[in-house]
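# Reading the structure
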Amino acid sequence: MKVSLNWLSEYVDISVDSKKYSDMMTMSGTKVETIEEKGQGVKNLVIGQIKEISPHPDADKLIITQIDTGADKLVQIVTGASNVSIGDIIPVAIDGAILPNGLKIKNGKLRGIDSNGMLCSGDELGIESKYLNEKSKDGIMILDEEFKVGQDAVEALGLKDTVIEFEITANRPDCRAILGIAKESSATLSCEFKMPSTEVEAQAASQIGTRVEIENKDLCPRFVVREVRDIVIKPSPQWMQQRLISFGIRPINNIVDITNYVMAEFGQPLHAYDLKKLNTDTILVRNAVEGEKMTTLDGKDYTLDKDVLLITDGGRPIGMAGVMGGENTQISNDTKNILLEAALFDADSVRLTSRRLGIRTDASSAFEKGIDIQRQRLAIDRAAHLIEKLGAGRVVSDIIDTYEEEYKNPIIKTEVSFINGLIGEELSKETISDILESLFFKVGIYGDNIEIVIPPERLDMTIREDVVEEVARIYGYNKIQSKPVVAPVKQALKSKERLFADKLKKLSKENGLTEIQTYSFISPKNLEKANIEDEKHNDILKLLNPLGEETSVMRTTLIPGMLEVAATNLSHKNDNFAAFELGNTFFKGHDQLPREEKSLIAGIYGPKEDFFTAKARLEGILKGIGIKEAKYEAQSENKTFHPGRCAHVSCKNKHIATIGEIHPKVLENFGIKKRLYIFEINIEETSRVADLEVHYSPVPRYPAIEKDIALVVDKDLQVGSLEEIIKKYGKKNLESVKLFDIFQGDQVGENKKSVAYALTFRAKDRTLTDDEVNKIQDKILTQLEIEAGAKLR
């Protein structure tokens, strides 16, 4: 928000330069964005009046003017302006002038004729054309009769000023008004705040001729109106126009400018209706009828719905509450009597109307951010005061105000010790009280207890921590000493689930995997590209307000994310990839609430990587959590994986993981031109069969006997089934079984393969004999032939 220091100085005495002031305001919590010094170094600009105009003898587009500048004789100036005439009052740059843009003016000649200055346009004075009246937009700036010939134009036009732009946070809507900044300045500079006058003489008759009815007071808690009669429409004075321009508002006429001026001062939108254009003497605030139509001040037509709050003249709409007035009651040059309105409308209602209809105004912005319920009466009285001060009309003394309740200021109770405890300083009661009173709070201190009465405009003050912040920022954050935090620290114990997840991460890193993290939101197209067709993944959770299609659903598997990461690494010429992610997946639970499951996924590719290196990493992780008897079952139903190169991993009849090579079609969908191996661990199921306890086994006292066997079996037989038979009949004296070779060739026959195992036998209580081991081995071989058709090679 931009604030003119000339305007602000009416309410507070700013005794420091603009740089010092800006630094102090920033340090007290009202951040300054920019400082714009206007009119610095400008001189020799005066108000003049054109007395004579004659054509230039040698140039058709030039004229010779004689200007009264208050000096003893007229000043001759040659100009090409086409919008000037005799009697016009204009700004004049005389010999030696320096303009706001740095241009220097000296006496000279134009086409052989003496020209002793320059008539100035708004642009040359640093005033944008959008703020000028119609006569001044395309040429020299034409001024009103209020200006006196010979006046210093810099002072008369308010060209010398400092405009400071503040960054106003969302929690301080009161500071979006000049008076809010003035109060902050008063507290920061420790100077007096001067409230602008709201006194009204009320010269007109005492009885107002309008009634006000409100159908829903929740949407319109307060509605205040005053009548003004014998209106005289004319331009507002230059000082008011210049202040509005500094605030970013275009001057229009005295009545409209006054309502805008008060809105800038108080932050309260006002609206004026032409009384003659009202069809009845009743103002009715109601919701629109579905399909009702209205034309706004900017000439646009709107079709309304029942959620739009309207101001009506008892029948037709004359304004959208808090957004924009209607064209049918707008002020015109022949307006004689007006109805002035200051109301409070529900922020959500205004926001809904503004958004649905695509109308954004200063008024709607103010209501959306928050206005207190005490500001309406002050603002309408201030507008009435200015109308009388500028001679724009006679104010009726009677007022209609629908707010009948007694306003009670909010009260926050706290303790001096609490304030000092959070700030970290030992401020006295008097210091705390002085700071809060400088911010216009009323303070009562009773021992350590403190009671703060909150002014109505401070909508941000709701809890006692807010009070602490106010004290700290005005005291000065730079004065608060840095101290070490001294407090007992209790180490939060991690849950079993968290400890288990941390263990899996550690084991993954120990097995050569690098941790990655992907978004929980994914594109439904990525599920299709990954051929995810399991019923579990069909009922996905969709976001109501996604950032885009690529993040529109919650992930039900970590596979698409891993595929995208692998594709990205491959595109960056990373030929070796081994990564893992531990994260949540999401499914619909009871009552449509999300249900979460944790998974760990690993993705691997590289010149030395294959199914078995991926399996080795998986086994390394599983063994680290005490799972040594995992069972692998080939499966080809999962279309994400290559048929015949995928396995379900189970333990104690629980499915704990899936491992396999990604299907070539899926790889093609993601632009991956290498074989990619993935395993995904179901953490919840795995935790149920894991054994994290460390078991001690003494060093064997007796020697082991090792035997190698090579079996010829059907090539489609899973070696896991052979291992189960060997372990079953090897019983307690079989210490280990290790597969060390698989061979296929003519030597073993068609559709056959040779599988070789190393068997280790050992007894805990004695040394086994060869006969004992041979009997066990013979039993194993017999059962292998019976149950699996395996023959010793």
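These numbers come from a predicted model, not from an experiment. (Residues numbered from 1 in each chain as written. Predicted model: local features only at pLDDT ≥ 70, side-chain atom pairs only at ≥ 80, totals over all residues. Heavy atoms only, no water.)

We now examine the sheet that holds strand S38 (residues 752-761). Reading across the sheet, the four strands line up as S37-S38-S36-S39 and stay open at both edges, with antiparallel pairing between neighbours. Edge positions in the sheet fall to strand S37 (734-743) and strand S39 (791-792), since each of these pairs with one other strand and no more. Relative to S38, strand S36 (residues 705-714) runs antiparallel, the two sharing ten bridges. In the strand pairing of S38, Asp-714 is matched with Lys-752. Packed onto the sheet, helix H20 (residues 770-788) meets S36, S38 and S39 and runs at close to 15° relative to S36. (Pairing = 2+ DSSP bridges. Helix = DSSP H or I, 4+ residues; strand = E, 2+ residues; numbered from the N terminus. Contact = heavy atoms within 4.5 Å. Axes fitted to C-alpha atoms, helices over the stretch in contact; angles between N-to-C directions.)

What follows deals with the layout of surface pockets. The computed volume of the largest pocket comes to approximately 1,700 Å³. Secondary structure elements with two or more residues in the lining of the largest pocket: helix H16 (611-624), strand S32 (631-634), strand S33 (641-651), helix H19 (719-730) and S37. Here the lining of the largest pocket is composed, by residue class, of 17 nonpolar, six polar and 20 charged. A volume near 930 Å³ is recorded for the second largest pocket. Lining the second largest pocket we find 34 residues, and of these Val-256, Asn-260, Leu-270, His-271 and Leu-297 sit closest to its centre. (1 Å grid on protein atoms, 1.4 Å probe; cavity = no way out; pocket = protein on both sides within 12 Å on 5 of 7 lines; lining within 4 Å. Points joined across faces, edges and corners; volume = space filled by probe spheres on them. Nonpolar A, V, L, I, M, F, W, Y, C, P; charged D, E, K, R; others polar.)

Another point: the nonpolar core. Counting residues in hydrophobic clusters, the biggest one holds 52 residues, and the most contacted among them are Leu-8, Tyr-21, Phe-166 and Ile-181. Ignoring any residue separated from it by four or fewer positions in sequence, one finds Leu-8 in contact with Val-3, Ile-14, Tyr-21, Ile-178, Ile-181, Ala-182 and Ser-185. (Core = buried A, V, L, I, M, F, W, Y, C linked by side-chain atoms within 4.5 Å. Buried < 20%, exposed > 50% of the residue type's maximum accessible area, 1.4 Å probe, protein only.)

Right, let's talk about H19 for a bit. Here H19 spans 16 Å end to end across twelve residues, near enough to the 16 Å set by a 1.5 Å rise per residue. Residues of H19 that are buried: Leu-722, Ile-725, Ile-726, Tyr-729 and Gly-730. Burial along H19 is one-sided: seen end-on, the buried residues are contained in an arc of 120°. Packed against the buried residues of H19 are S36, S37, S38 and H20. Where H19 terminates, the next one or two residues include Lys-731, which has phi positive at roughly 55°. (Expected span 1.5 Å × (residues − 1). Arc of directions from axis to C-beta.)

Bringing the sheet that holds strand S2 (residues 31-38) into the picture now. The strand order across the open sheet formed by three strands is S1-S11-S2, and the pairing between neighbours is antiparallel. Where the open sheet ends on each side, the last strands, each with one partner, are strand S1 (2-4) and S2. Strand-to-strand twist across the sheet, computed as the mean angle between neighbouring axes with direction ignored, equals 25°. As paired strands, S1 and strand S11 (residues 161-167) are joined by three bridges and run antiparallel to one another.

What follows covers the environment of His-572. Along the chain, His-572 turns up in the loop between helix H15 (559-571) and strand S30 (577-588). Engagement of the side chain of His-572 in a polar contact is seen with the side chain of Ser-571, the distance being 3.3 Å. (Polar contact = N/O pair within 3.5 Å; in protein donor to acceptor, adjacent residues only side chain to side chain.)

Within the secondary structure layout, Val-32 lies in strand S2. Residues Val-32 and Leu-563, spaced 531 residues apart in sequence, show a C-alpha to C-alpha distance of 48 Å. Among all residues touching Val-32, those that are not within four sequence positions of it are Ser-22, Met-25, Thr-26, Ile-164, Glu-165 and Phe-166.

This part takes up the pairing of strand S25 (residues 442-446). Across five bridges, S25 lies against strand S26 (residues 449-453) in antiparallel orientation. Looking across to S26, one finds that Lys-442 is bridged to Val-453. Here S25 hands over to S26 after two residues, with Gly-447 in that stretch at a positive phi of 70°.

Let's shift gears to the pattern of salt bridges. Here the structure, examined in full by the defined rule, presents 49 salt bridges. In this structure, the salt-bridge partner of Lys-137 is Glu-134, at a minimum N-O distance of 3.4 Å. Looking at Lys-137, the relative accessible area reads 32%, which means it is partly exposed. A relative accessible area of 63% means that Glu-134 is categorised as exposed. Between Arg-356 and Asp-307 there is a salt bridge; the shortest N-O distance is 2.9 Å. With Arg-356 in helix H7 (residues 347-357) and Asp-307 in the loop between strand S17 (301-303) and strand S18 (309-312), this pair connects stretches of sequence that are 49 residues apart. Residue class for Arg-356 comes out partly exposed when judged on its relative accessible area of 47%. Judged by relative accessible area, Asp-307 falls into the partly exposed class, the value being 29%. (Salt bridge = Lys/Arg side-chain N within 4 Å of Asp/Glu carboxyl O.)

All right, on to unusual backbone geometry then. For Arg-111, which is not glycine, the phi torsion reads 55° and is therefore positive. Note on placement: Arg-111 falls in the loop between strand S8 (108-110) and strand S9 (113-115). Overall, the relative accessible area of 53% leaves Arg-111 in the exposed class. A positive phi angle, near 75°, is found at Phe-440, a position not held by glycine. Following the sequence through the fold, Phe-440 ends up in the loop between helix H11 (429-438) and S25.

A word on the packing of aromatic side chains. Taken as a whole and judged by the stated rule, the model has seven aromatic pairs. On the numbers, 4.6 Å between centres and 20° between planes, the contact of Trp-7 with Tyr-261 is stacked. Pair noted here: Trp-7 is in helix H1 (residues 5-8) and Tyr-261 is in helix H6 (residues 254-266), with a separation of 254 residues, a long-range link. Overall, Tyr-261 belongs to the buried group, its relative accessible area being 1%. For the pair Phe-577 and Tyr-605, a centre-to-centre distance of 5.3 Å together with 20° between the ring planes defines the contact as stacked. Of the two residues, Phe-577 sits in strand S30 while Tyr-605 sits in strand S31 (residues 594-605), which places them 28 residues apart along the sequence. (Phe/Tyr/Trp six-rings, centres within 6.5 Å; stacked < 30°, edge-to-face > 60°.)

A cluster of acidic residues, Glu-528, Glu-549, Glu-550 and Glu-564, forms a negative patch on the protein surface. Checked against the element boundaries, Glu-550 lands in the loop between helix H14 (524-529) and strand S29 (553-554). (Patch = residues over 30% accessible without salt bridge, like charges linked within 9 Å, V, L, I, M, F, W, Y side chains within 5 Å. Areas by Shrake-Rupley, 256 points an atom, 1.4 Å probe, with all protein chains shown as cover. Lys, Arg positive; Asp, Glu negative; His and termini not counted. Charge placed at Lys NZ, Arg CZ, Asp CG, Glu CD.)

Once that is clear, we can look at the state of the cysteines. This structure, assessed with the given rule, holds zero disulfides. The thiol of Cys-175 is not disulfide-bonded; the next cysteine sulfur, from Cys-191, is found 14 Å away. (Disulfide = S-S within 2.5 Å.)

Any functional reading would require information beyond the geometric quantities listed.
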